[in-house]
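Topology and contacts: notes
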Amino acid sequence: MKVKNSNSILRIKNPSKKEFVELWKQYQPFLIEDVAEYWNSCKNWSNDYLSKKCGEKIVPVSFFTKEYLDNSNYVLHETYNNKKEMKLKDYVDIISENQKEIDLKYYMSELDFEKYLPELTGDITYPDYFNIKPFIFFWFGSLGKTTTLHFDQAHNIFTQIRGRKRILLFSPSNYLSFYPPLRESGTYANYSKVNPITPNLELFPRFPWQDQIEVILQPGEMLYIPPLWWHHVTGVDENISLSFWYDVKIKDFFRQKRFFSTILDILPNYARHSISSLSMLKLLFQSIW
């Protein structure tokens, strides 16, 4: 197993399932090289290819005002989920470099890949590090598009297909130090009120800004993000990514270091948040039920 440490994150080349699991047990993110770069998606997914292959498909697209990230309430559920439907080829036109969107910003985020773009599934190879089928999200954005600081409840193999993304990672050391919106209605308890790019330390003094791991994810690279690890994602170029989500199993709580203690840190606050958070909590433990 060839592993190297670069800028505080481990890299591994084309790991076997056994080699993947050995790193996975450490409950740390790590980069996988020499795998996705050979997929047809990394070779072929130009805007022209996507428009010709599935340009007539109607897809949901998120849209935001210019001031979205400057709004102190940007984590609000109703703010984050504004969507409209359009043809994929029209979205390609919107985010192209020659287009200037003055009032609105668009981002094709969290698209159910197999549901909306089944024509493209033959261009990828499903990672087989877990013994379960993944749920796949498709992300297609332009320079500067941002996903707010949050954590997910699943194992995530985040794969960069085209362009680059800047990803800030934070270990889930102390849930409350990330200032989740626990007292605001209509919000998600797995989101942070902090913008880690320019954190307001007077307003959020306990935010662990000094502990961040920064990764510039290149085309063809895969990043394993453990469940409950905080991450913030920004497009460095026009880009396409895929998230392969794998459900958490009860045995994972004990096989991954500090996973169980992290859950114990989150649960008392998470469960008190709201009915929506309790539903999300159930999703986290769905394999137990």
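Preceding this paragraph is the structure being described.
Presented here is a report on the structure given in the accompanying data block. Computed from a prediction, not measured in an experiment: that's the story for all the values here.

Okay, unusual backbone geometry next. Not every positive phi belongs to a glycine, and Tyr179 is a case in point at roughly 55°. As for its position among the elements, Tyr179 is in the loop between strand 10 (165–170) and strand 11 (213–217). Judged by its relative accessible area of 14%, Tyr179 falls in the buried class. For Leu228, which is not glycine, the phi dihedral falls at a positive 75°.

Attention shifts here to the packing of helix 3 (residues 47–54) against helix 5 (residues 88–95). At a minimum axis distance of 9 Å, the contact between helix 3 and helix 5 shows a crossing angle of 160°. Relative to helix 5, the element helix 3 lies roughly antiparallel. Once helix 3 is placed against helix 5, the crossing between them reads as left-handed. Within the contact between the two elements, helix 3 uses Asn47, Leu50, Ser51 and Cys54 and helix 5 uses Leu88, Lys89 and Val92. Along the lines of polarity and charge, the residues of the contact of helix 3 with helix 5 split into four nonpolar, two polar and one charged.

Our focus in this paragraph is helix 5. Turning to helix 5, its buried residues number three or more, namely Leu88, Tyr91, Val92, Ile94 and Ile95. Take helix 5 and look down its axis: the buried residues cluster within an arc of 160°, on one side only.

Take the pattern of salt bridges next. According to the stated counting rule, one finds eleven salt bridges in the structure shown. In this structure, Glu22 and Lys25 form a salt bridge, with 3.5 Å as the shortest nitrogen-oxygen distance. In this structure, Lys87 engages Glu56 in a salt bridge whose closest nitrogen and oxygen atoms are separated by 2.9 Å. Here Glu56 lies in the loop between helix 3 and strand 4 (58–65) and Lys87 lies in strand 5 (residues 83–87), a separation of 31 residues in the sequence. Put simply, Arg11, Lys13, Glu33 and Glu221 are held in one network by salt bridges that share partners.

Each value, and the rule that gives it
Within each chain, residues carry numbers counting from 1 in the order of the written sequence. Two thresholds apply to this predicted model, a pLDDT of at least 70 for residue-level local features and 80 or more for giving and counting side-chain atom pairs, whereas whole-chain, interface and lining totals are computed over all residues. Side-chain measures here rest on the full set of heavy atoms in the structure, leaving out hydrogens and waters. Helix numbering and strand numbering both begin at the N terminus, where a helix is a DSSP run of H or I of at least 4 residues and a strand a DSSP run of E of at least 2. Exposure is judged per residue with a 1.4 Å probe applied to protein chains only, and the accessible area is read against the type maximum: over 50% gives exposed, under 20% gives buried, and values in between give partly exposed. Orientation is described by axes fitted as lines to C-alpha atoms, over the contacting stretch for helices, and by angles from 0 to 180 degrees between their N-to-C directions. Note that the term roughly parallel is reserved for angles under 35 degrees, roughly antiparallel for angles over 145, roughly perpendicular for angles of 65 to 115, and oblique for everything else. Should the near helix be turned anticlockwise from the far one by less than a right angle, the crossing is termed left-handed; should it be turned clockwise, right-handed. Contacts were defined at the residue level, with two residues in contact if any of their heavy atoms lie within 4.5 Å. Asp, Glu, Lys and Arg are counted as charged, while Ala, Val, Leu, Ile, Met, Phe, Trp, Tyr, Cys and Pro are counted as nonpolar; the rest, among them Gly, fall into the polar class. Comment: arc refers to directions from the helix axis out to C-beta atoms. Think of a salt bridge as a Lys or Arg side-chain nitrogen and an Asp or Glu carboxyl oxygen that are within 4 Å of each other.

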